[in-house]
Amino acid sequence: MSNKPENLTLITDDGLRLDGRRADEIRPMKIEVGVLSRADGSCYLEWGRNKILVGVFGPREAHPRRSQRADSAVIRYRYNMASFSVEDRARPGPSRRSIEISKVSREAFEPVIMAELFPKTAIDIFVEVLQADAGTRTAAINASSIALADAGIPMKGLITSCAFGKVDGKIVLDLNKEEDNYGEADFPVAMTQDGEITLIQMDGNLTPDEIKQGLELVKKGCKEILEIQQAVLRKKFETPVEEVSEEA
Ligand code: UDP
């Protein structure tokens, strides 16, 4: 969030944003499942100008052995930005930001992954941000959810993620880069299919009423994303009835 140039208007009088969206609209999303042959599950996701690749490995024996848990799998989530993914080259290797995003994203999945079924193993989620345009942590969570399902990891449901923010004094859904740079607040959220929140963060200042209004928008956004995720997975896993009867 930086100082906005004086003549820059992020929302027109007609209520349209710079990319033509209304306040309650998410950016277009495109998803491919099973794109990596060496991963147990994978997903490539584009959301606006964000491009994210996720590979899931496991459950597999956890190494080093001292990291194993006798009663469950350990879940590991690594968020990484390619150096070419941002305007000013991102320094390779972990940063405070990437360590924080990895931690909160792992915690967003812990309530749904049935880790207790796989003691002593590890489930690794590797996120590579290839192109960043604000909202990469939410995009990565949406892609990871699909990659986990693609890997056949038992989950109580999918996790869906979307941010809301405050731009030119208005509460809007799913900030793009200009809105993230020059807006007043950014509020990423992740939730289960039942609407239970598993990640919540806030950058900037918002009143309780604005948060309430934003959470309503996020619920709407997450519902739309969940439908996209479900459609993609259905397409991959549902075998047409004719094919089943032909093989029998
Ligand atoms: N960004 C950047 N360089 C960095 C980190 C972030 O240019 O080292 C950009 C990138 O486009 C990112 C946006 O700033 O998507 C917002 O970053 P933030 O930390 O709010 O996380 P995000 O919104 O991507 O989850």
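Refer to the structure above for everything that follows.
Draft legend 1. Structural context of the overall build of the protein. What the protein contains, in helices and strands, is five helices and 10 strands. Expected size for 248 residues packed as a compact globule is a radius of gyration near 18 Å; at 19 Å, the protein falls within 12% of this value. Reported as C-alpha extents along the three principal axes, the dimensions of the protein are approximately 65 × 50 × 35 Å. The burial tally for the protein puts 47% of its 248 residues in the buried class.

Draft legend 2. Structural context of helix 2 (residues 136–150). For helix 2, which comprises 15 residues, the first-to-last C-alpha distance of 21 Å matches the rise-based estimate of 21 Å (1.5 Å per residue) to within 8%. In terms of burial, helix 2 is largely enclosed, as 15 of its 15 residues are buried. Once helix 2 ends, the next one or two residues include Gly152, with phi positive near 75°.

Draft legend 3. Layout of the sheet that holds strand 1 (residues 29–33). Sheet architecture is open: five strands sit in the order 1-2-3-5-4, paired in mixed fashion. In this open sheet, the two edge strands, each paired with only one partner strand, are strand 1 and strand 4 (74–81). Put simply, the sheet's adjacent strands are angled 15° from each other on average, direction ignored. Judged from the eight bridges that link them, strand 4 and strand 5 (residues 121–131) form a sheet pairing that is parallel. Of the residues in strand 5, the one forming a bridge with Arg76 is Asp124. Strands in contact with helix 2 are strand 1, strand 2 (41–47), strand 3 (50–61), strand 4 and strand 5; relative to strand 2, the strand with the most contacts, it is inclined by about 150°. Across the face of the sheet, helix 4 (residues 208–237) comes into contact with strand 1 and strand 2 while running at roughly 30° to strand 1.

Rules used in this analysis
- Residues numbered from 1 in each chain as written.
- Predicted model: local features only at pLDDT ≥ 70, side-chain atom pairs only at ≥ 80, totals over all residues.
- Heavy atoms only, no water.
- Helix = DSSP H or I, 4+ residues; strand = E, 2+ residues; numbered from the N terminus.
- Rg over C-alpha atoms; globule rule 2.2 N^0.38 Å.
- Buried < 20%, exposed > 50% of the residue type's maximum accessible area, 1.4 Å probe, protein only.
- Expected span 1.5 Å × (residues − 1).
- Pairing = 2+ DSSP bridges.
- Axes fitted to C-alpha atoms, helices over the stretch in contact; angles between N-to-C directions.
- Contact = heavy atoms within 4.5 Å.

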